[in-house]
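Given next are the chains, with one letter for each unit.
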There are 2 protein chains.
Amino acid sequence: MATAAKNIQILKEVLQKEGLRFTRQRLAVWTEIGISRKHRDADDIFISIRSKGVKVSRATVYRTIDVLVKNKLVRKLDVGDGKNRFESKIDEEHHDHMICLETGNIIEFYNSRLEQLQEKIALDNGYELVRHVHQLFVRPIKK
Amino acid sequence: MATAAKNIQILKEVLQKEGLRFTRQRLAVWTEIGISRKHRDADDIFISIRSKGVKVSRATVYRTIDVLVKNKLVRKLDVGDGKNRFESKIDEEHHDHMICLETGNIIEFYNSRLEQLQEKIALDNGYELVRHVHQLFVRPIKK
DNA sequence: ATTCTTAATGAGATTGAGTCTCATCGTAAT
DNA sequence: ATTACGATGAGACTCAATCTCATTAAGAAT
Ligand SMILES: [Mn+2]
Ligand SMILES: [Mn+2]
Ligand SMILES: [Zn+2]
Ligand SMILES: [Zn+2]
């Protein structure tokens, strides 16, 4: 799964639902996020698209990402360095992130008990959990 | 506890340890964060100090907050609206935050099992947990 | 294929939180 | 009181992100 053709279809459906046109720029942004390594920032994506010969502006990159995030195709991630990062949610299970304070490396993790606890905490307070931000800042154990 | 005199003493000790001078501005910032309601942003603190007749600049507010955060007198909190918020850690146990998406209200919570799980997840990956960011974005349950 | 309507785009201006500069001020040691 | 040097403030600056608006191009209609 997650073939190029499949991803184009997913994008087209979202754009149609939103009443938006299918453009080369929007496809380029979605392709860039979908195909590439994860946790990339907007400028990274912008530079990469340009380097592949597709004409695009920063404004369009940001505008397109907003649409993708709104429609849950892409996840926005703040690792605390002032720049948002993005990753495709296609073929991805939910996970949270551990950021190494020494290398900047981002490690993904998932723990169902942790997820359940969060739902419970919200409920116990009379709320419904909509989303959560959870990052562990860590240091390698030296022996 | 947490009398004004006590708080001044705490500040003086930190400044001494850091080799920094005790100034009216630094006291004003610490007092503002320590005395007032929680989760305030830097500009809020800046305006409030000025309104009380103490001459201070934004630069000094930010610089002082950095010292306070470094010395664990104050906690920096990012609720995702682009502005950091601050709260005194004096007489406060560790807690995380639930942000109501409808009212913007910030509810504090603490769950020891949750805290333990995070330590464990880091360790299982060969890391030591230094700090964590954990926010639940919630919506009131309507019945 | 050509025309037409209107949404989408791009270059560059703008915003805003946070940082930096450096001339001046004030703490605190003596 | 004098003095040394750290602290401060006004405003310039940074940089991610947003906005403006003249121009471009989807894509529907024919
Ligand atoms: Mn990830
Ligand atoms: Mn709090
Ligand atoms: Zn999670
Ligand atoms: Zn916690």
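This report concerns the structure included in the present document. Remember, predicted model here, so these are calculated numbers, not experimental data. (Residues numbered from 1 in each chain as written. Chains lettered and ligands numbered in written order. Predicted model: local features only at pLDDT ≥ 70, side-chain atom pairs only at ≥ 80, totals over all residues. Heavy atoms only, no water.)

With that out of the way, let us pick up the pattern of salt bridges. In this structure the tally under the stated criterion is 26 salt bridges over all chains. With a shortest N-O distance of 2.6 Å, B:R85 and B:D81 are connected by a salt bridge. By relative accessible area, B:R85 is classed as buried at 16%. A single salt-bridge network, built from bridges that share partners, covers A:E32, A:R40, A:D44 and A:K52. (Salt bridge = Lys/Arg side-chain N within 4 Å of Asp/Glu carboxyl O. Buried < 20%, exposed > 50% of the residue type's maximum accessible area, 1.4 Å probe, protein only.)

Residues and elements named next belong to chain B. When you line up the elements, N71 lands in the loop between α4 (58-70) and β2 (74-78). Overall, N71 belongs to the buried group, its relative accessible area being 12%. For N71, the side chain forms a polar contact with the side chain of E18, separated by 3.3 Å. Apart from the residues lying within four places of it in its own chain, the contact partners of N71 are V14, K17 and E18. (Helix = DSSP H or I, 4+ residues; strand = E, 2+ residues; numbered from the N terminus. Polar contact = N/O pair within 3.5 Å; in protein donor to acceptor, adjacent residues only side chain to side chain. Contact = heavy atoms within 4.5 Å.)

Residue and element names in this part refer to chain A. In terms of burial, strand β4 (residues 96-100) is largely enclosed, as five of its five residues are buried. Neither face of β4 is exposed, since D96, M98 and C100 on one face and H97 and I99 on the opposite face are all buried. Connecting β4 to the antiparallel partner strand β5 (residues 106-109) that follows it, the hairpin turn spans five residues, and G104 within it adopts a positive phi of roughly 80 degrees. Sheet topology note: the β4/strand β6 (residues 127-140) ladder contains four bridges and is parallel. Note on β6: the bridge partner recorded for M98 is L136. (Pairing = 2+ DSSP bridges.)

On to the interface of chain A and chain B, then. Accessible area lost upon the coming together of the parts is a frequently used measure of interface size. Listed as interface residues are 31 residues of chain A and, on the opposing side, 31 residues of chain B. Of the roughly 2900 Å² buried at the junction of chain A and chain B (both faces included), carbon and sulfur atoms supply 68%. Of all residues in chain A, A:I121, A:Y127 and A:F137 give up the largest surface area on contact with chain B, accounting jointly for 20% of the area buried on that side. Linking chain A with chain B are zero salt bridges, by the criterion used here. Counting the contacts that link chain A with chain B gives twelve residue pairs in polar contact (both at pLDDT 80 or more). Listing elements by their share of the side of chain A that touches chain B, those giving two or more residues are β4, β5, α5 (112-124) and β6 of chain A. It is β6(A) that contributes the most residues to the side of chain A that touches chain B, 14 residues altogether. Per-class residue counts for the side of chain A that touches chain B are 19 nonpolar, seven polar and five charged. Here 13 bridges tie β6(A) to strand β6 (residues 127-140) of chain B, and the two strands are oriented antiparallel to one another. In the sheet register, A:V138 faces β6(B), and the bridge partner there is B:L129. (Buried area = accessible area lost by both parts, 1.4 Å probe. Nonpolar A, V, L, I, M, F, W, Y, C, P; charged D, E, K, R; others polar.)

Moving on, we get to the packing of aromatic side chains. Taken as a whole and assessed by the stated rule, the structure comprises zero aromatic pairs over all chains. Between the NZ or CZ atom of A:K12 and the centre of the ring of A:F22, over which it lies, the distance is 4.8 Å. (Phe/Tyr/Trp six-rings, centres within 6.5 Å; stacked < 30°, edge-to-face > 60°. Lys NZ or Arg CZ within 6 Å of the ring centre and 35° of its normal.)

Attention now goes to the sheet that holds β5(A). The sheet built from six strands is open, its strands ordered β5(A)-β4(A)-β6(A)-β6(B)-β4(B)-β5(B) with mixed pairing. Only two strands of the sheet have a single neighbouring strand rather than two, namely β5 of chain A together with β5 (106-109) of chain B. The mean inter-strand angle of the sheet, taken between neighbouring strand axes irrespective of direction, is 25 degrees. Sheet analysis places strand β4 (residues 96-100) of chain B next to β5(B), joined by four bridges and oriented antiparallel. Note on β5(B): the bridge partner recorded for B:D96 is B:F109. Packed onto the sheet, α5(A) meets β4, β5 and β6 of chain A together with β4, β5 and β6 of chain B and runs at close to 135 degrees relative to β6(A). (Axes fitted to C-alpha atoms, helices over the stretch in contact; angles between N-to-C directions.)

Taken together, the neighbourhood of DNA strand C is formed by 20 residues, with A:T23, A:K55, A:S57, B:R21 and B:Y62 sitting nearest. When the atoms of DNA strand C within 4 Å of the protein are grouped by moiety, sugar and phosphate amount to 74% of the total. Here the surface near DNA strand C is composed, by residue class, of six nonpolar, six polar and eight charged. (Near = heavy atom within 4 Å.)

With that settled, the discussion passes to the coordination of the zinc ion (ligand 4). Residues and elements named next belong to chain B. Taken together, H94 (NE2), D96 (OD), E115 (OE) and H132 (NE2) make up the protein donors of the zinc ion (ligand 4), found 1.9 to 2.1 Å from the metal. Viewed at the metal, the four donor atoms of the zinc ion (ligand 4) are separated by angles of 93 to 128 degrees, and the geometry they form is tetrahedral. Binding-site remark: the zinc ion (ligand 4) is held by donors from one chain whose sequence spacing is H-x1-D-x18-E-x16-H. Linking H94 in the loop between β3 (84-88) and β4 with H132 in strand β6, this pair joins segments that are 38 residues apart in sequence. (Donors = N, O, S within 2.8 Å, 3.2 Å for Na, K, Ca; no water. Tetrahedral: all angles 85-135°; square planar, octahedral: opposite > 155°, others 65-115°.)

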